[in-house]
Amino acid sequence: MEWGQSGEKAALPLGGPLSATELAERFPTLPFTLGGTRPMVRGRIREYVAL
């Protein structure tokens, strides 16, 4: 772990991005897939997705 100069932020080493298969295995209730369409809904500024 590395702390920033101000001491307020930390950088944590993470693994690479998940593949579509790994994503589906780890988060089976996620209602979308990598590369799938997520059309914008006018007036909605955020969307909560149950993991």
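Rules used in this analysis
Residues numbered from 1 in each chain as written. Predicted model: local features only at pLDDT ≥ 70, side-chain atom pairs only at ≥ 80, totals over all residues. Heavy atoms only, no water. Helix = DSSP H or I, 4+ residues; strand = E, 2+ residues; numbered from the N terminus. Buried < 20%, exposed > 50% of the residue type's maximum accessible area, 1.4 Å probe, protein only. Areas by Shrake-Rupley, 256 points an atom, 1.4 Å probe, with all protein chains shown as cover.

Peer 1: Hey, could you run me through the overall build of the chain in this one?
Peer 2: Assigned secondary structure in the chain consists of one helix and two strands. Mapped in sequence order, the helices and strands of the chain form the string β-β-α. Among the 51 residues that make up the chain, the fraction classed as buried is 4%. Surface exposure of the chain reaches about 5200 Å², of which carbon and sulfur atoms provide 56%.

Peer 1: Is there a simple way to think about the environment of L18 in this case?
Peer 2: Mapped onto the elements of the fold, L18 is located in the loop between β2 (10-11) and α1 (20-26). L18 sits 16 residues away from L34 along the chain, and the two C-alpha atoms are 9.6 Å apart.

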